[in-house]
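Spelled out, the chains give:
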Amino acid sequence: MIDLYTWSTPNGRKASIMLEECGLDYEVHPIDITKDQQLAPDFLKISPNNKIPAIVDRDNGWSVFESGAILIYLAEKTGKLLPQDPKQRIQTLEWLMFQMGGVGPMLGQAHHFLKFNVGKAPYAEQRYGAEAKRLYGVMDRRLGESRFLATDDFTIADIATWPWVSRYEWQGVSLDDYPNVRRWYDAVKARPGVQHGYDVPKMGHTIPA
């Protein structure tokens, strides 16, 4: 049993989708970031950077924070979604780091300026809107040569990236401009684990078309 501390964000969805894909039992503990619950002392004990998601593994009592670390931990625990072949493993970690260092931070800034603060900082809107499109171009080229981001099989790199792409409209992006990303997005969206793990905690959110 895994205790999952999360909220309805792209980073939170990484962990819940991973748990579903791995077939692990888990209990959800909502951390309402709109009410600053991530700052509570008990949560800081397991997530010192006061960010969701975080997990506690009841099998050994370990806590893990940072979404990328959680994906790696659960992949190694279950032997799923992180290839054992050395070349494919490093490819998966490359594209996971691409998400952690690029897609997440940059698209997060795009959300901040293009969705929630329109008109307040035109330079920032231009900068992060352009960077979002650049990142989609990188993904589109990669997905023109590979079925999924890292390899031809679904991996933690896809789980890390897809929840951010699912908010493409917040980033001023049309998937019609990136046909390989659209193919991949639809293929991942159709997976039962993604469908079950998307709306966690339950808030009635549906996957964008």
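Above this text is the structure in question.
A brief look at the structure comes next. Everything numeric in this text was worked out from a predicted model, so none of it was measured. The residue count restarts for each chain, going from 1 along the sequence in the order it is written. In keeping with the model being predicted, local features are shown solely for residues with a pLDDT of at least 70 and side-chain atom pairs are shown and tallied solely at 80 or more, while totals for entire chains, interfaces and linings include all residues. The basis for every side-chain value is the complete set of non-hydrogen atoms in the structure, without hydrogens or water.

Section: the packing of helix H3 (residues 67-78) against helix H6 (residues 156-165)
Move 1: Whenever a helix is involved, its axis is fitted only over the stretch in contact; in every case the axis is a line through C-alpha atoms, and angles between N-to-C directions fall within 0 to 180 degrees. Secondary structure elements follow DSSP: runs of H or I no shorter than four residues count as helices, runs of E no shorter than two count as strands, and numbering proceeds from the N terminus. Across the interface, H3 lies against H6 with an axial gap of 10 Å and an inter-helix angle of 145°. The chirality of how H3 crosses H6 is right-handed. Between H3 and H6, the residues in contact are Leu-71, Ile-72 and Ala-75 and Ile-156, Ile-159 and Ala-160, respectively.
Move 2: Put simply, Ala, Val, Leu, Ile, Met, Phe, Trp, Tyr, Cys and Pro go in the nonpolar bin, Asp, Glu, Lys and Arg in the charged bin, and everything else, Gly too, in the polar bin. Counted by class, the contact of H3 with H6 contains 6 nonpolar, no polar and no charged residues. By definition, any crossing whose near helix is turned counterclockwise from its far helix by less than a right angle is left-handed, and any crossing with a clockwise turn is right-handed. Note on contacts: a residue pair is in contact if any heavy atoms of the two residues lie within 4.5 Å.

A few points about the layout of surface pockets
Move 1: A volume near 800 Å³ is recorded for the largest pocket.
Move 2: As for the largest pocket, its lining consists of 27 residues, of which Thr-9, Asn-11, Ile-33, Lys-51 and Trp-164 are closest to the centre.
Move 3: Of all elements in the fold, only helix H1 (10-22) and helix H4 (86-115) reach the threshold of two or more residues within the lining of the largest pocket.
Move 4: If one sorts the elements of the lining of the largest pocket by residue count, H4 sits on top with 8 residues.
Move 5: Its residues assigned to classes, the lining of the largest pocket shows 9 nonpolar, 14 polar and 4 charged. Cavities and pockets are defined on a 1 Å grid built over the protein atoms alone: a cavity is a set of grid points where a 1.4 Å probe fits but cannot escape, while a pocket is an open set with protein on both sides within 12 Å along at least five of seven lines, and lining residues are those with an atom within 4 Å of any such point. Grid points are joined across faces, edges and corners, and a volume is the space filled by probe spheres set on the points.

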